[in-house]
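Analysis of the macromolecular model
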Amino acid sequence: APLFGKDTAANLLVCAGWQPHRSVLAPPAAPTPNPVLVIGTVHDPATPYVGAVALTRAMGNAMLLTWEGTNHTALTFSSCIANHAARYLIELSLPQERTRCPQA
């Protein structure tokens with residue numbers, strides 16, 4: 001990531017000689033009767049938005065809620081996102097398809 005990559009790169013050198021046992025993970029899925037709510041931030045400096053889009057598609061039974069913000073994670077920075085997330089967690093109520101919350 002452009003904002004954190006340079007500072008974090010040196011920390012990765014300690015892992016250069018590490019050879020862990022590797023196993024292939026199953027693709028993500030949402031085998032639940034209720035759709036999973038995925039929240040993505042369009043301008044997140046650490047977690048690309050395309051990852052949220054890809055996760056939503058890969059899970060199959062999921063819906064993407066988008067925040068037009070610039071912070072890493074949206075829940076504590078956007079009352080719009082927080083309100084949708086609370087309704088989902090309390091009532092299992094999803095926002096409308098393609099809901100986008102503004103930066104402010």
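First, a word on what this report is: a plain description of the structure on this page.

So, how was this worked out
- Residues numbered from 1 in each chain as written.
- Predicted model: local features only at pLDDT ≥ 70, side-chain atom pairs only at ≥ 80, totals over all residues.
- Heavy atoms only, no water.
- Pairing = 2+ DSSP bridges.
- Helix = DSSP H or I, 4+ residues; strand = E, 2+ residues; numbered from the N terminus.
- Contact = heavy atoms within 4.5 Å.
- Axes fitted to C-alpha atoms, helices over the stretch in contact; angles between N-to-C directions.
- Expected span 1.5 Å × (residues − 1).
- Buried < 20%, exposed > 50% of the residue type's maximum accessible area, 1.4 Å probe, protein only.
- Arc of directions from axis to C-beta.
- Disulfide = S-S within 2.5 Å.

1. Concerning the sheet that holds strand 1 (residues 36-41)
As a general point, the strands of a sheet are linked pairwise by backbone hydrogen bonds and lie either parallel or antiparallel. Ordered by their spatial adjacency, three strands build an open sheet running 1-2-3, and the pairing between neighbours is parallel. The outermost strands of the open sheet, each flanked by one partner alone, are strand 1 and strand 3 (100-101). Pairing between strand 2 (residues 62-67) and strand 3: two bridges, direction parallel. In the strand pairing of strand 3, T66 is matched with R100. Together, strand 1, strand 2 and strand 3 form the strand contacts of helix 2 (residues 49-59), whose direction differs from that of strand 1 by roughly 165°. Across the sheet, helix 3 (residues 79-91) touches strand 1, strand 2 and strand 3, and the angle it forms with strand 1 is around 170°.

2. So, helix 3
For helix 3, with 13 residues, the first-to-last C-alpha span of 17 Å sits near the 18 Å given by 1.5 Å per residue. Every buried residue of helix 3 is listed here: I81, H84, A85 and Y88. Along the long axis of helix 3, the arc covered by the buried residues comes to 100°, so they all point the same way. Opposite the packed face of helix 3, turned more than 90 degrees from it, sit the exposed residues S79, I90 and E91. Here the buried face of helix 3 lies against strand 1, strand 2 and strand 3. Downstream of helix 3 by one or two residues, L92 has phi in the positive range, about 55°.

3. Re the environment of P48
Checked against the element boundaries, P48 lands in the loop between strand 1 and helix 2. Linking P48 and H72, residues 24 residues apart in sequence, is a C-alpha distance of 9.6 Å.

4. Concerning the state of the cysteines
Evaluation of the coordinates by the stated rule reveals one disulfide. The disulfide partner of C80 is C101, and the S-S distance across this bridge is 2.0 Å. One quick way to see it: the torsion about the S-S bond of C80 and C101 is about -60°, and its sign makes the bridge left-handed. Here C80, found in helix 3, pairs with C101, found in strand 3; they are 21 residues apart in sequence, far enough to count as distant. C80 sits in the partly exposed class, given a relative accessible area of 25%.

5. Observations concerning the environment of V36
Here V36 is to be found in strand 1. Exposure remark for V36: the relative accessible area of 22% places this residue in the partly exposed category. Setting aside residues up to four positions removed in sequence, V36 forms contacts with A30, M59, N61, A62, M63 and Y88.

6. What about the side chain of S78?
Looking at where S78 falls in the secondary structure, it is placed in the loop between strand 2 and helix 3. Among all residues touching S78, those that are not within four sequence positions of it are W67 and C101.

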